[in-house]
Amino acid sequence: MRVRCVGAIVHDADGRLLVIQRGHPPGEGLWSLPGGRVEPGETDAAAVVREIAEETGLQVEPGPLIGSVDRPAPGGVTYDIRDYAATVTGGVLRAGDDARAARWVDAEELAALPTTTGLLETLASWGALPAPR
(Lines give C-alpha, C1' and ligand atoms only; values in the text may rest on other atoms or scores of the structure.)
Protein backbone atom coordinates (compact mmCIF):
# COMPACT_ATOMS: atom_id res chain seq x y z
CA MET A 1 0.00 0.00 0.00
CA ARG A 2 1.22 3.50 -0.87
CA VAL A 3 0.60 6.42 1.47
CA ARG A 4 0.87 9.93 0.06
CA CYS A 5 2.94 12.31 2.18
CA VAL A 6 4.39 15.81 1.84
CA GLY A 7 7.45 17.54 3.21
CA ALA A 8 8.70 21.11 3.14
CA ILE A 9 12.09 22.44 2.19
CA VAL A 10 12.29 25.77 3.99
CA HIS A 11 15.39 27.98 4.04
CA ASP A 12 15.73 31.16 6.09
CA ALA A 13 17.39 34.43 4.99
CA ASP A 14 20.79 33.00 6.03
CA GLY A 15 20.33 29.86 3.91
CA ARG A 16 19.75 27.60 6.91
CA LEU A 17 17.33 24.67 6.54
CA LEU A 18 14.34 23.98 8.78
CA VAL A 19 14.49 20.46 10.26
CA ILE A 20 12.59 18.54 12.92
CA GLN A 21 13.59 15.69 15.19
CA ARG A 22 11.00 12.95 14.83
CA GLY A 23 9.15 12.14 18.02
CA HIS A 24 7.55 8.86 16.89
CA PRO A 25 8.36 5.86 14.67
CA PRO A 26 9.40 5.48 11.96
CA GLY A 27 12.66 7.31 12.46
CA GLU A 28 12.03 8.33 16.06
CA GLY A 29 14.90 10.52 17.29
CA LEU A 30 16.24 11.17 13.79
CA TRP A 31 16.24 14.57 12.08
CA SER A 32 14.32 15.17 8.87
CA LEU A 33 12.25 17.66 6.94
CA PRO A 34 8.94 18.63 8.53
CA GLY A 35 5.92 17.00 6.91
CA GLY A 36 3.52 14.11 7.09
CA ARG A 37 0.56 12.33 5.56
CA VAL A 38 -1.88 13.99 3.21
CA GLU A 39 -5.40 13.66 4.64
CA PRO A 40 -8.26 12.38 2.44
CA GLY A 41 -9.56 15.19 0.22
CA GLU A 42 -6.61 17.45 1.10
CA THR A 43 -4.35 18.99 -1.54
CA ASP A 44 -0.59 18.72 -1.23
CA ALA A 45 -0.39 22.50 -0.67
CA ALA A 46 -2.92 22.39 2.16
CA ALA A 47 -1.09 19.43 3.72
CA VAL A 48 2.23 21.32 3.60
CA VAL A 49 0.67 24.33 5.37
CA ARG A 50 -1.04 22.13 8.01
CA GLU A 51 1.93 19.85 8.70
CA ILE A 52 4.45 22.69 9.03
CA ALA A 53 2.16 24.59 11.40
CA GLU A 54 1.57 21.46 13.51
CA GLU A 55 5.22 20.41 13.70
CA THR A 56 7.02 23.76 13.86
CA GLY A 57 4.55 26.52 14.78
CA LEU A 58 5.41 28.34 11.55
CA GLN A 59 3.02 29.48 8.84
CA VAL A 60 4.30 28.89 5.31
CA GLU A 61 3.40 29.64 1.74
CA PRO A 62 3.96 26.44 -0.25
CA GLY A 63 5.96 26.71 -3.47
CA PRO A 64 6.92 24.38 -6.28
CA LEU A 65 7.58 20.67 -6.04
CA ILE A 66 11.31 20.11 -5.52
CA GLY A 67 11.29 16.33 -5.75
CA SER A 68 9.73 13.09 -4.58
CA VAL A 69 10.99 9.93 -2.94
CA ASP A 70 9.60 6.57 -1.89
CA ARG A 71 10.50 5.36 1.60
CA PRO A 72 9.62 1.98 3.13
CA ALA A 73 7.40 2.09 6.22
CA PRO A 74 6.24 -0.50 8.74
CA GLY A 75 3.75 -3.15 7.66
CA GLY A 76 4.77 -3.21 4.01
CA VAL A 77 3.61 0.36 3.45
CA THR A 78 5.51 2.70 1.13
CA TYR A 79 5.49 6.42 1.85
CA ASP A 80 5.22 8.41 -1.41
CA ILE A 81 6.79 11.68 -0.18
CA ARG A 82 6.56 14.85 -2.25
CA ASP A 83 8.82 17.63 -1.00
CA TYR A 84 7.88 21.22 -1.78
CA ALA A 85 9.73 24.49 -1.39
CA ALA A 86 8.04 26.73 1.17
CA THR A 87 8.51 30.25 2.53
CA VAL A 88 7.84 31.28 6.13
CA THR A 89 5.12 33.93 6.39
CA GLY A 90 4.63 33.99 10.18
CA GLY A 91 4.60 32.12 13.47
CA VAL A 92 7.19 31.33 16.10
CA LEU A 93 9.46 28.29 15.78
CA ARG A 94 8.64 25.61 18.34
CA ALA A 95 8.39 21.83 18.27
CA GLY A 96 4.85 20.53 18.19
CA ASP A 97 2.65 17.58 17.24
CA ASP A 98 4.95 14.58 16.60
CA ALA A 99 8.19 16.61 16.46
CA ARG A 100 10.51 16.27 19.46
CA ALA A 101 12.50 19.37 18.40
CA ALA A 102 12.60 21.90 15.56
CA ARG A 103 15.49 24.10 14.49
CA TRP A 104 17.34 25.89 11.70
CA VAL A 105 20.65 24.30 10.64
CA ASP A 106 23.52 25.22 8.36
CA ALA A 107 25.35 22.63 6.26
CA GLU A 108 27.84 21.66 8.97
CA GLU A 109 25.15 21.32 11.65
CA LEU A 110 22.98 19.17 9.38
CA ALA A 111 25.93 16.90 8.52
CA ALA A 112 26.55 16.33 12.26
CA LEU A 113 22.95 15.31 13.05
CA PRO A 114 21.60 11.76 12.93
CA THR A 115 19.23 12.05 9.95
CA THR A 116 16.65 9.85 8.30
CA THR A 117 17.92 7.45 5.64
CA GLY A 118 18.86 9.16 2.40
CA LEU A 119 18.04 12.71 3.53
CA LEU A 120 21.44 14.28 2.89
CA GLU A 121 21.96 12.54 -0.44
CA THR A 122 18.48 13.45 -1.64
CA LEU A 123 18.80 17.11 -0.64
CA ALA A 124 22.21 17.26 -2.33
CA SER A 125 20.82 15.79 -5.56
CA TRP A 126 18.05 18.43 -5.53
CA GLY A 127 20.45 21.30 -4.78
CA ALA A 128 18.53 21.93 -1.54
CA LEU A 129 21.21 21.55 1.14
CA PRO A 130 21.55 24.45 3.58
CA ALA A 131 24.30 27.02 3.13
CA PRO A 132 27.64 26.53 4.90
CA ARG A 133 28.48 28.72 7.88
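(A) Summary view of helix α1 (residues 44-56). Compared with the 18 Å implied by 1.5 Å per residue over 13 residues, the 18 Å span of α1 between its first and last C-alpha is a close match. On its buried face, α1 is in contact with β1 (2-10), β2 (17-22), β4 (35-37), β5 (58-72), β6 (78-91) and β7 (99-105). One or two steps after α1, the chain reaches Gly 57, where phi turns positive at roughly 80°.

(B) Expanded view of the pattern of salt bridges. Applying the stated rule across the entire model yields 11 salt bridges. Notably, a salt bridge pairs Asp 70 with Arg 2, separated by 2.9 Å at the nearest N-O pair. Within this pair, whereas Asp 70 is found in strand β5, its partner Arg 2 is found in strand β1, the two being separated by 68 residues in sequence. Its salt-bridge partner being Arg 100, residue Glu 28 comes within 3.1 Å of it at the nearest N-O pair. Of this pair, Glu 28 sits in the loop between β2 and β3 (31-32) while Arg 100 sits in strand β7; the two residues are 72 residues apart in sequence, bridging distant segments of the chain. Among the residues examined, Glu 28 registers a relative accessible area of 44% and is labelled partly exposed. What makes Arg 100 partly exposed here is its relative accessible area of 45%. Three or more residues are tied together by salt bridges with common partners; here these are Glu 39, Glu 42, Arg 50, Glu 51 and Glu 54.

(C) Spotlight on the pairing of β5. The pairing of β5 with β6 spans 12 bridges and is classified as antiparallel. Across the sheet, the residue bridging to Pro 62 is Ala 86, located in β6. Between β5 and β6, which pair antiparallel and follow one another directly, the connecting turn spans 5 residues, one of which, Gly 75, has a positive phi of 75°.

Calculation rules
Residues numbered from 1 in each chain as written. Predicted model: local features only at pLDDT ≥ 70, side-chain atom pairs only at ≥ 80, totals over all residues. Heavy atoms only, no water. Helix = DSSP H or I, 4+ residues; strand = E, 2+ residues; numbered from the N terminus. Expected span 1.5 Å × (residues − 1). Contact = heavy atoms within 4.5 Å. Salt bridge = Lys/Arg side-chain N within 4 Å of Asp/Glu carboxyl O. Buried < 20%, exposed > 50% of the residue type's maximum accessible area, 1.4 Å probe, protein only. Pairing = 2+ DSSP bridges.

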